[in-house]
Amino acid sequence: MYVNSTRIRELRLARQWSQEQLATLSGLNLRTIQRLESGAKISNESLRALAAVLEVPAASLLISEPTPTEVALKAMRDGVVSGLEFTGTTPRADFWWFALAVAMVLAFAQLLSEALGPLPTQIASLVVLLPWLAASTRRLRDAGLSPWWQLISLAPVAGILVLLYLLTYPSKKAESAEPIQD
């Protein structure tokens, strides 16, 4: 478990305590307090002791790991927010979460089209076209490929399959700079 070092420091400073005073009051070593305020791992006993002294719930002193749902929703939101941005890169997982969001929008539009005619699907397709192209451009760039590879999708069936395969490439690692020779 990792401690929220900023929160501990803020709570300590709000009470105008030094690190030594917090260590004495909590029964912990001064070095332990220093390590915790720099973001180290914390044991259950130390967590309970700090929470009791600072009069807060123990869970509020921990850094919460994002849940898979939060990660997915953030990736979808980021895809929408940067919808018309063709510069930069998009990591593979974020791209596929955005692709799922696009598929869900198109599926919902298709459901509406069954009741209202073809207009909802046509509008939804136009709305997601540019964000999809932008996200694909950023994803191909992240994989170290040229964004012009998107043109291959104009070839019937096989072109789309090839593009989808290219979009699954792993991110290209930043090549380490070679040392300058004198």
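For the structure, check the block above.
Below or above, wherever it landed, is the structure these notes cover. (Residues numbered from 1 in each chain as written. Predicted model: local features only at pLDDT ≥ 70, side-chain atom pairs only at ≥ 80, totals over all residues. Heavy atoms only, no water.)

1. Describing the overall build of the chain
Line of reasoning, step 1. Secondary structure summary: the chain contains eight helices and zero strands in total.
Line of reasoning, step 2. Listing every helix and strand of the chain by position from the N terminus yields α-α-α-α-α-α-α-α.
Line of reasoning, step 3. In terms of C-alpha radius of gyration, the chain reaches 25 Å, well past the compact-globule figure of 16 Å for 182 residues.
Line of reasoning, step 4. Here the C-alpha coordinates of the chain stretch approximately 70 × 65 × 25 Å along the principal axes. (Helix = DSSP H or I, 4+ residues; strand = E, 2+ residues; numbered from the N terminus. Rg over C-alpha atoms; globule rule 2.2 N^0.38 Å.)

2. Here we look at the environment of T121
Line of reasoning, step 1. In this structure, T121 sits in helix α7 (residues 119-142).
Line of reasoning, step 2. Remark: the alpha-carbon pair of T121 and R92, spanning 29 residues in sequence, is separated by 27 Å.
Line of reasoning, step 3. When near neighbours in sequence (up to four residues on either side) are disregarded, T121 contacts A109, Q110 and S113. (Contact = heavy atoms within 4.5 Å.)

3. Observations regarding the packing of aromatic side chains
Line of reasoning, step 1. Scanning the model with the defined rule gives three aromatic pairs in all.
Line of reasoning, step 2. Note on F95 and W96: the rings are 5.0 Å apart at their centroids and 80° apart in plane angle, and the pair reads as edge-to-face.
Line of reasoning, step 3. Classification of F95 as buried rests on a relative accessible area of 0%.
Line of reasoning, step 4. Through pairs of rings, three or more aromatic residues link up here, namely F95, W96 and W132.
Line of reasoning, step 5. Across the ring face of W17, the terminal group of R15 is positioned such that the distance to the ring centre comes to 5.8 Å. (Phe/Tyr/Trp six-rings, centres within 6.5 Å; stacked < 30°, edge-to-face > 60°. Buried < 20%, exposed > 50% of the residue type's maximum accessible area, 1.4 Å probe, protein only. Lys NZ or Arg CZ within 6 Å of the ring centre and 35° of its normal.)

4. A word on the nonpolar core
Buried together is how nonpolar side chains tend to be arranged in soluble globular proteins.
Line of reasoning, step 1. In this structure, I8, L22, I33, I42, L50, L54 and L61 are the most contacted members of the largest nonpolar core, which totals 16 residues.
Line of reasoning, step 2. The element that contributes the greatest number of residues to this core is helix α4 (residues 44-54), accounting for five residues.
Line of reasoning, step 3. When sequence neighbours within four positions are dropped, the list of residues in contact with L22 reads I8, R12, W17, I33, L50, V53 and L54.
Line of reasoning, step 4. With 11 residues, the next largest nonpolar core counts V128, L140, L163 and L166 among its residues. (Core = buried A, V, L, I, M, F, W, Y, C linked by side-chain atoms within 4.5 Å.)

5. Side note on the layout of surface pockets
Rolled over the atoms, a probe sized like a water molecule indicates the empty space that remains.
Line of reasoning, step 1. Computed from the structure, the largest pocket encloses a volume of approximately 180 Å³.
Line of reasoning, step 2. In terms of lining residues, the largest pocket is bounded by S125, V128, L129, W132, L133, Q150, S153, I160, L163, L164 and L167.
Line of reasoning, step 3. Residue contributions to the lining of the largest pocket peak at five residues, all from α7.
Line of reasoning, step 4. Among the residues making up the lining of the largest pocket, the classes are represented as eight nonpolar, three polar and no charged. (1 Å grid on protein atoms, 1.4 Å probe; cavity = no way out; pocket = protein on both sides within 12 Å on 5 of 7 lines; lining within 4 Å. Points joined across faces, edges and corners; volume = space filled by probe spheres on them. Nonpolar A, V, L, I, M, F, W, Y, C, P; charged D, E, K, R; others polar.)

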